[in-house]
Amino acid sequence: MFAMDPITILLSIITLLLLVIFAKKQNKDANKNFPPGPKPFPFIGNILKIDMSKPYRTFVEMSKEYGTVFSVQIGMSKIVVLCGLETIKDALINHVDDFLDRPKARVFSRTTKDHGIILANGNNWKVMRRFTLSTLRDYGMGKKSIENKIVDEAESLVQKFRSYEGKPFDNLKSMNSAVANIIVAILLNRRFDYEDPTILKLVSLINENLRLFGSPLFRLLNSIPLLIHWLPGTHRKIFANIRDFHGFLETTFTKQRKELDVNDQRNLIDAFLVKQQEGTPESTDYFHNENLIALVDNLFVAGMETTSTTLRWGLLLMMKYPEIQGTVCTDVIMLIFYSGSWKMQVKP
Ligand code: HEM
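Computed from a predicted model, the values in this text were never measured in an experiment.

1. Concerning the nonpolar core
- In this structure, Val179, Ala180, Leu187, Leu202, Ile269, Leu295 and Val296 are the most contacted members of the largest nonpolar core, which totals 34 residues.
- Elements supplying a minimum of two residues to this core: helix 5 (122-138), helix 7 (172-188), helix 8 (197-212), helix 11 (234-259), helix 12 (268-276) and helix 14 (289-320).
- What Leu202 contacts, discounting residues up to four positions off in sequence, is Ala180, Phe245 and Phe248.
- Of all hydrophobic cores here, the second largest spans 10 residues; its members include Phe70, Ile74, Val107 and Leu220.

Set out below in structure tokens:
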């Protein structure tokens, strides 16, 4: 049996008490200006009161007691919750300066080190956003060239759907791959067949991570990183997936760097690599490899899941409401007929 002498026990109790007093004092000082909310416990905050798998449900309940602007503490992180459309609109429209930056997500700071666009702030965000918007336009965003690629990809997708000959099938992978192909066209100027193991692997890494991001343990990791960091669990799988995905990106960049021709830039990655070679303070400070990986990761993840999920919901709703399917079909035919842009190419 593990025995402890009285002095060790006493010292442990005193240390624990001091830690609790310290944590309480820190909470009091740091949270002076926070809106009301439930009283937090030291270290764990309000996690015992929050349904971590569906926190929004608890927040709606809490808003009945504390109002539509209240604070909760998850682990050591104090969070202000805005509940309801009117409150959110008021915050984002009338207090825009207070909501400019994004919070630091400790978990992602570890993998992308706050580079890229989506989780970046300040100058890094500005420079990467400016570069991305102008380069996406150069490579077809909002232009005929990308429209043609989308039309070709849509045809391949329809062929894939037809290959099931009317039998039921899951469209997740082919829809993901079709959308990913449009993004890949801009990033790498290539396309993958829907059965290509590379695209299937990339898509499954992203899908798995998006699913795991919702896990309660992963959410806690942001708030009590020291505690959760050492535990086994889904977060380890997330980091492994990110490593795999970034490994693919690094191999791709290395290959592209070897083939780079400054006078014949083929895609967004080439454009980034050219900026990297400029030798200006901006290229040294921002156009480094870590930003390139984070940026391509951001575009792939932000663009692939959002767009294919929107399209899949569209298909589902049209299956459920055939009369709306009829209206959509008529609208599309009229658009093609009047726009004249690709009416000659439409097959019966
Ligand atoms: C239906 C499709 C899409 C939806 C619903 C959607 C939704 C959103 C939302 C809500 C944000 C704001 C997130 C925030 O501020 O925290 C955002 C930002 C962003 N999205 Fe999308 N998105 C879609 C398609 C795309 C595509 C196709 C791309 C690129 C290939 C993309 C790239 C980005 C990027 C880079 C940001 C960050 C912008 C910034 O911080 O300035 N998204 N998206």
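On we go.
2. Some details on unusual backbone geometry
- A positive phi angle, close to 50°, is found at Glu165, a residue other than glycine.
- Within the secondary structure, Glu165 is located in the loop between helix 6 (144-162) and helix 7.
- When the 7 C-beta atoms within 10 Å are taken as the criterion, Glu165 is described as exposed.
- Phi angles above zero are rare outside glycine, and Asn189 is one such case at about 35°.
- Along the chain, the position of Asn189 falls in the loop between helix 7 and helix 8.
- Given 16 C-beta atoms within a 10 Å radius, Asn189 is considered partly exposed.

About the criteria used
Residues numbered from 1 in each chain as written. Predicted model: local features only at pLDDT ≥ 70, side-chain atom pairs only at ≥ 80, totals over all residues. Core = buried A, V, L, I, M, F, W, Y, C linked by C-beta atoms within 7 Å. Buried ≥ 20, exposed ≤ 12 C-beta atoms within 10 Å, placed from the backbone. Helix = DSSP H or I, 4+ residues; strand = E, 2+ residues; numbered from the N terminus. Contact = placed C-beta atoms within 7 Å.

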